[in-house]
Amino acid sequence: MSRIVIVGGHGKVALLLAPLLVERGDDVVSLIRTPEHADDVAATGAVPLVVSVEEASEQELAAAFDGADAVVWSAGAGGKGGPERTEAVDRDAAIRSMEAAKAASVPRYVMVSFAGSHGQDPVPADHPLRTYAMAKLAADRHLVASDLDWTIVGPGLLTLEEPSGRIEVGRVEGEGQAPTSRANVAAVIAAVLAEPATVGKVIPFRDGETPIAEAIADVPVEYADLDN
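Residues numbered from 1 in each chain as written. Predicted model: local features only at pLDDT ≥ 70, side-chain atom pairs only at ≥ 80, totals over all residues. Heavy atoms only, no water.

Colleague: I tried to follow the environment of D227 on my own but got confused; where do I start?
Modeller: Positionally, D227 belongs in the segment after α7 (212–216). For D227, a relative accessible area of 46% translates into the label partly exposed. Between the C-alpha atom of D227 and that of A145, which follows or precedes it by 82 residues, the distance is 12 Å. Other than its neighbours up to four places away in sequence, D227 contacts G119, Q120 and R141. (Helix = DSSP H or I, 4+ residues; strand = E, 2+ residues; numbered from the N terminus. Buried < 20%, exposed > 50% of the residue type's maximum accessible area, 1.4 Å probe, protein only. Contact = heavy atoms within 4.5 Å.)

Colleague: Any chance you could explain the pattern of salt bridges here in plain terms?
Modeller: When the charged atoms of two side chains lie near each other, side chains of opposite charge can form a pair. Tallied over the entire structure, the rule returns 8 salt bridges. Of the charged contacts, one joins D26 and R24 as a salt bridge, the two residues approaching to 2.9 Å between their closest N and O atoms. You can call R24 partly exposed: its relative accessible area is 40%. With its nearest N and O atoms 3.9 Å apart, the salt bridge here joins E87 to R91. One end of the pair, E87, and the other, R91, are both in helix α4 (residues 82–103), 4 residues apart, so they sit about a helical turn from each other. Residue classification places E87 among the partly exposed positions, given a relative accessible area of 31%. Members of the salt-bridge network, linked through shared partners, are E87, R91 and D92. (Salt bridge = Lys/Arg side-chain N within 4 Å of Asp/Glu carboxyl O.)

Okay, here's the thing in structure tokens:
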């Protein structure tokens, strides 16, 4: 059994991930921004913990991570609050959580990013999600440079389709392409937490035909080069 802390515990992916982890015997704590979300999280079998990652200090996050075997970042501004809040959550708070994980001696860290997070211009300069894409890429680069046992999972366009348990690993240029079921994203996160071969790997993916366990077992190392 592992103790896993999910950051962004009331998000759609997190609410699908928690029961997968609980069912296999993991002890799950889900960080939420407001107490009103506690009942939804508790219904998944996870323990809700009210911590605003946007406002919490590194020390407060480290306290929330104390005793954890892994942290999963599944939080995001969701486009609310404009560019400043996007940078505050998707970049600054994410990076702060990585430093908190190190301070709390949490070895494993899984980041939920997006499939096009690499290169110098992940989306065009005039794209409505430019700020988001650049914030995610900055956070991803910080994680890759850290000494955590990290994995970055990068789904394509998120959908509400039922899980197929099958994906295709490969880079996707830009944002809003390659439909990817949120339920498959949750299954991929659960799988990488249990697969040591995914440490140090960036896994861009979409819904496909390859069973998840097979798809994540041999991810090309070059995807971890986020400069290209």
